[in-house]
Amino acid sequence: MSREEILRRVRAATADIAGPLDIPRRYQTAGSAPGQTDDGLADRFAERAGDYRATVRRCRAADTAQVIADAVAARAARLIGVPRGFPAEWSALLPHPVADEPPLDIAALDALDGVVTTCAVAIAETGTIVLDTGPGQGSRAFTLVPDYHLAVVRTGQIVATVPDAVAALDPARPLTWISGPSATSDIELTRVEGVHGPRTLDIVIVGSRR
Amino acid sequence: MTFLGMPGAPRGVGQLRQREPFPQAAASALGDRQLRRNLGHATSTIRVKRAAAVAEVADWEQLRVAGAAIKDEVLAHLDRYLVQLEAQVVARGGTVHWADDANQANQIVTDLVRATGQAEVVKVKSMATQEIGLNEALAAAGITATETDLAELIVQLGHDTPSHILVPAIHRNRSQIRDIFLKEMPDAPPGLTDEPAELTAAARAHLRRKFLAAQVAISGANFAIAETGTLAVVESEGNGRMCLTLPRTLITVMGIEKIIPAWRDLEVFLQLLPRSSTAERMNPYTSMWSGAAEGQDFHLVLLDNGRTATLADPAGRAALRCIRCSACLNVCPVYERSGGHAYGSVYPGPIGAVLSPQLTGVADNPDLPFASTLCGACYDVCPVAIDIPAMLVHLRSRVVDDKRARHHGPIPDTPEAAAMRALAWAMSDQSRWAWALRASRAGRLLGRRRGRIRHLPGPLAAWTVSRDLPRPPAQTFRDWWLTQPRASQRAAASPGLCLSPRTHPRGDEGETREGGASKAARRRAREEN
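**Quick word on the overall build of chain A**
Scanning chain A for helices and strands turns up 6 helices and 12 strands. With the C-alpha coordinates aligned to their principal axes, the bounding extent of chain A is approximately 65 × 45 × 40 Å. Counting only residues that meet the buried cut, chain A has 56% of its 210 residues in that class. For chain A, the accessible surface area stands at approximately 8,200 Å², while carbon and sulfur atoms represent 50% of it. Once the 22 positive and 26 negative side-chain charges of chain A are each reduced to a mean point, those two points are 3 Å apart.

Right, here's the structure in full:
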């Protein structure tokens, strides 16, 4: 049996090593970043997400529906998928919402112009949003097949660093970390945005001062 | 030194071995001007970007130290972590398979694909499946595998082999890529230009139908978390997400060293990997799943293929820390000029020079440990602090030991060994040495035209196969020294200056192997810890 054979080889190969090894964690661990205000984190997140050519808008909670509708209109996107659990007041002004309930199949997703979702966590340092297929986020395919993705981030969801995000996430759920639109550097290491995933990523930050 | 009961990667399958000696392979690569231009441009671009991405992180050295320690802990107790990972993946609805070597892994994957009744699969870029030659094995079984990473697609369509871990088509420039697309991609737009954005759009259109219809996908993995059974794939283009998410069946082939112990450990590697490989704060997409996600049929194939043999060498096992970022390739003066194909293995560059010979056994890749100047730049940039130069020196001695062990009867003297012995004899006596230096002036008969010696005569010719020799000076330093007035000799020979042959200090040999930059990095790491 290969299983026993590989384990036997591993044990023989490591017979010279005794005891658990010490892992020094003198880097900035979760919660150790200097305290930052929600607005400070939102500023940093907006700047970093923008560096990766995501278009970032910020608004007060009351204006969310309008800002989302404007963003979608600016992309000339018509059919917009709306996942289960996405706040109804946010999708209220979309001209052609398509409910993802029951979940749309791949062909139906391919027929959409785009989707709107919430997210689980956002990371200021790297401009990353993380989806965990929770309420308002749809399945993994939902945010992958359509060519346009608009993600809404509440300021309270933005953490400072990668360790903060890892601490906040549940590994039992399927996770998708997204930093800007899909990209490649495979041709002469020249960055080209927009390959197989959504070629356009818009982010709306809700609840900040602006 | 041999490691009994630890077979290396088998011959005749996969791509881990040199097809011709490195010096010959490198010589033909060096003769290709286009290749050198492409490589020089790409590696210098990424070097600058990586340095900036790393400089931005105040705790980079501490992350490096932690990354190395986490990987060492995994390697030290790999049996436990493998069993734990298996239990977690199975508990979450996945199936785990174990493969001793490339042949077994190929058979397992082929059987799994056949069981689905499908004859086509889509693939996410994966070093492990390149290493074992999975595409060829599938083709032999009548299964078509389509590479979906842009660079892998370029390599596949060009009937080529990868030459870089991260950017497998780094040896191709935009106009070469356009030509490949026009020739090999039936649906390429006829007016295709060589703009990277247009080429990328052509690849998107070409692959999209395949993605949406795919029933079976094959991937590698960047990390597997023993504690939670979570697999992680780090990518940029979204082809990974397409393959990992849409097909009903997902088969992931992963080297056993890709494990990390705990969920929390990802916080280290998700900082080290993107900045080291693509020089980004974060790569566009990272997918993580535990077991059978969203109702998929998930199979994990754990691959040895020479990894336990590597693990058995205490001075070589740290090569298994590698997270395949390819930063060492981009800074290597040898790789930058020779390119990846010269190494023969899917793992080129400095990491390949230490990994490939260990996976196959040094007898099958005897030149690779010598394909380095030991400058130490690779060690400086390695995010998991693999001391590649020290390992290269160690493997050089293993190559020599292996040759001795396999030779029956007295070993015939190599010209190099004879020359070294003669040199030792001459250098052990001052007057002999002075005479030898003067005698070297006879070498001035050579290289008169160019001022450099291109070809040494007789058995010494081996030295000039891959390098020129400077023409000896008309006067040796010692002879010149004797013509100097006594007073200036004394002043020059004062402490701290070692001009006089008589006052040459001993020791310090330990300092000469590493490059200065590498020493500085070590000192920094020491101070910060």
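**A few points about the overall build of chain B**
Of the regular secondary structure elements, chain B holds 23 helices and 12 strands. Over its C-alpha trace chain B gives a radius of gyration of 26 Å, about what one expects of a compact globule, namely 24 Å for 529 residues. Counting only C-alpha atoms, chain B reaches 90 × 55 × 55 Å along its principal axes. Buried residues in chain B amount to 56% of all 529 residues. Considering only residue pairs separated by 6 or more positions, chain B has 73% of its internal contacts joining residues 24 or more positions apart. If you average the places of the 63 positive and of the 54 negative side-chain charges in chain B, the two averages end up 10 Å apart.

**Let's talk about the packing of helix H16 (residues 349–360) of chain B against helix H18 (residues 388–406) of chain B**
Residues and elements named next belong to chain B. Relative orientation of the contacting elements H16 and H18 amounts to 35 degrees, with a least axis distance of 10 Å. In terms of crossing hand, the pair formed by H16 and H18 is left-handed. On the side of H16, the interface is formed by Pro350, Ile351, Ala353, Val354 and Gln358, while H18 contributes Ile388, Met391, Leu392, Leu395 and Arg398. Its residues assigned to classes, the contact of H16 with H18 shows 8 nonpolar, 1 polar and 1 charged.

**Some remarks on the sheet that holds strand E9 (residues 175–178) of chain A**
With mixed pairing, 8 strands are arranged side by side in an open sheet as E8(A)-E5(A)-E6(A)-E9(A)-E9(B)-E6(B)-E5(B)-E8(B). Two strands lie at the open edges of the sheet, namely strand E8 (158–159) of chain A together with strand E8 (259–260) of chain B, each paired on one side alone. Pairing of strand E5 (residues 121–123) of chain A with strand E6 (residues 128–131) of chain A involves 3 bridges; the strand directions are antiparallel. When the bridges of E6(A) are listed, A:Ile123 appears paired with A:Thr128. Strands E9 of chain A together with strand E5 (223–225), strand E6 (230–235), E8 and strand E9 (285–290) of chain B of the sheet are contacted by helix H12 (residues 266–277) of chain B, whose axis makes an angle of about 170 degrees with E5(B).

**Digging into the packing of aromatic side chains**
Residue and element names in this part refer to chain B. Across all of its chains, the model carries 8 aromatic pairs over all chains by this definition. An aromatic cluster is built from Phe22, Tyr335 and Tyr343, whose rings are joined through pairwise contacts. If you follow Lys71 out to its NZ or CZ, it ends over the ring of Phe269, 5.9 Å from the centre.

**Some points on the side chain of B:Thr464**
Residue and element names in this part refer to chain B. Along the polypeptide, Thr464 turns up in the loop between strand E11 (452–453) and strand E12 (469–470). At a separation of 3.0 Å, a polar atom in the side chain of Thr464 contacts the main-chain amide nitrogen of Leu456. Excluding residues that lie within four positions of it along the chain, Thr464 makes contacts with Ile453, Arg454, His455, Leu456 and Leu469.

**Here we look at the confidence of the model for chain B**
Residue and element names in this part refer to chain B. Of the residues in chain B, 92% reach a pLDDT of 70 or more, and the chain-wide mean stands at 89. Here residues 499–517 is a poorly scored stretch, pLDDT under 50, and it has 18 contacts once near neighbours within four places are set aside; other chains count. We note a pTM of 0.88 for the whole complex and an ipTM of 0.96 for its interfaces.

**Some words on the nonpolar core**
Ranked by internal contacts, the top residues of the largest apolar core, which has 149 residues, are A:Trp177 and B:Phe181. The contacts of B:Phe181, once residues within four sequence positions are left out, are B:Leu150, B:Ile154, B:Leu157, B:Ala188, B:Leu192, B:Leu199, B:Ala202 and B:Ala203.

**Details of the interface of chain B and chain A**
Each partner contributes residues to the interface: chain B has 93 residues there, and chain A has 73 residues. Approximately 7,300 Å² of surface area, both sides summed, lies buried where chain B meets chain A, with 59% of it carried by carbon and sulfur atoms. Together, B:Arg204, B:Arg241 and B:Arg281 form the three largest contributors to the area buried by chain B at its contact with chain A, with a combined 10%. Seen at the junction of chain B and chain A, the total is 13 salt bridges.

**Examining the pairing of strand E4 (residues 216–219) of chain B**
Residue and element names in this part refer to chain B. Residues Val216 and Ile218 of E4 are buried on one face, and the alternating residues Ala217 and Ser219, pointing to the opposite face, are buried as well. Bridge count between strand E2 (residues 120–123) and E4: 2 bridges; the pairing is parallel. Bridging across to E4, Val122 finds its partner in Ala217. Across 4 bridges, the pairing between E4 and strand E7 (residues 249–255) is parallel. Within E7, the residue paired with Ser219 across the bridge is Thr252.

**Section: a nonpolar patch on the surface**
The grouping of B:Met420, B:Leu423 and B:Met427 at the surface amounts to a nonpolar patch, some 300 Å² of accessible area in total. Of note, B:Met420 is situated in helix H19 (residues 415–427).

**Looking at the pattern of salt bridges**
Applying the stated rule across the entire model yields 51 salt bridges over all chains. Note that B:Asp179 is salt-bridged to B:Arg178, the shortest N-O span being 3.4 Å. Relative accessible area serves as the criterion here: at 23%, B:Arg178 is assigned to the partly exposed category. A salt bridge links B:Asp187 to B:Arg209, with the shortest nitrogen-to-oxygen separation between them at 3.5 Å. Highlighted residues: B:Asp187 in the loop between helix H9 (174–184) and helix H10 (196–213) and B:Arg209 in helix H10, separated in sequence by 22 residues. Taking relative accessible area as the criterion, B:Asp187 reaches 36% and is therefore assigned partly exposed. The network of salt bridges with shared partners includes A:Arg44, A:Glu47, A:Arg48, A:Asp51, B:Glu56, B:Arg275 and B:Arg281.

**Here's the deal with the sheet that holds strand E1 (residues 55–59) of chain A**
Strands in a sheet are paired, the pairing made by backbone hydrogen bonds, and the direction either parallel or antiparallel. All names here are of chain A. Pairing is parallel in the open sheet, where 6 strands are placed in the order E1-E12-E7-E4-E2-E3. Pairing within the sheet leaves two strands with one partner each, and these edge strands are E1 and strand E3 (96–99). The mean inter-strand angle of the sheet, taken between neighbouring strand axes irrespective of direction, is 25 degrees. Relative to strand E12 (residues 200–206), E1 runs parallel, the two sharing 5 bridges. Note on E12: the bridge partner recorded for Cys59 is Val206. Docked against the sheet, helix H2 (residues 38–51) engages E1, strand E7 (148–154) and E12, running at close to 155 degrees with respect to E1. Sitting on the sheet, helix H3 (residues 64–74) touches E1, strand E2 (79–82), strand E4 (114–117), E7 and E12, and the angle it makes with E7 is about 160 degrees.

**Side note on H12(B)**
Residue and element names in this part refer to chain B. Taking 1.5 Å of rise per residue, the 12 residues of H12 would be expected to cover 16 Å, and the 16 Å separating its terminal C-alpha atoms lies within 8% of that figure. Counting buried positions over the 12 residues of H12 gives 12, a clear majority of the element. By the burial criterion, the buried members of H12 are Leu266, Glu267, Val268, Phe269, Leu270, Gln271, Leu272, Leu273, Pro274, Arg275, Ser276 and Ser277. Taken from the residues just after H12, Ala279 is the one with a positive phi, measuring 60 degrees.

Calculation notes
Residues numbered from 1 in each chain as written. Chains lettered and ligands numbered in written order. Predicted model: local features only at pLDDT ≥ 70, side-chain atom pairs only at ≥ 80, totals over all residues. Heavy atoms only, no water. Helix = DSSP H or I, 4+ residues; strand = E, 2+ residues; numbered from the N terminus. Buried < 20%, exposed > 50% of the residue type's maximum accessible area, 1.4 Å probe, protein only. Areas by Shrake-Rupley, 256 points an atom, 1.4 Å probe, with all protein chains shown as cover. Lys, Arg positive; Asp, Glu negative; His and termini not counted. Charge placed at Lys NZ, Arg CZ, Asp CG, Glu CD. Rg over C-alpha atoms; globule rule 2.2 N^0.38 Å. Contact = heavy atoms within 4.5 Å. Axes fitted to C-alpha atoms, helices over the stretch in contact; angles between N-to-C directions. Left-handed = near helix turned anticlockwise from the far one by under 90°. Nonpolar A, V, L, I, M, F, W, Y, C, P; charged D, E, K, R; others polar. Pairing = 2+ DSSP bridges. Phe/Tyr/Trp six-rings, centres within 6.5 Å; stacked < 30°, edge-to-face > 60°. Lys NZ or Arg CZ within 6 Å of the ring centre and 35° of its normal. Polar contact = N/O pair within 3.5 Å; in protein donor to acceptor, adjacent residues only side chain to side chain. pLDDT = per-residue confidence, 0-100. Core = buried A, V, L, I, M, F, W, Y, C linked by side-chain atoms within 4.5 Å. Buried area = accessible area lost by both parts, 1.4 Å probe. Salt bridge = Lys/Arg side-chain N within 4 Å of Asp/Glu carboxyl O. Patch = residues over 30% accessible without salt bridge, like charges linked within 9 Å, V, L, I, M, F, W, Y side chains within 5 Å. Expected span 1.5 Å × (residues − 1).

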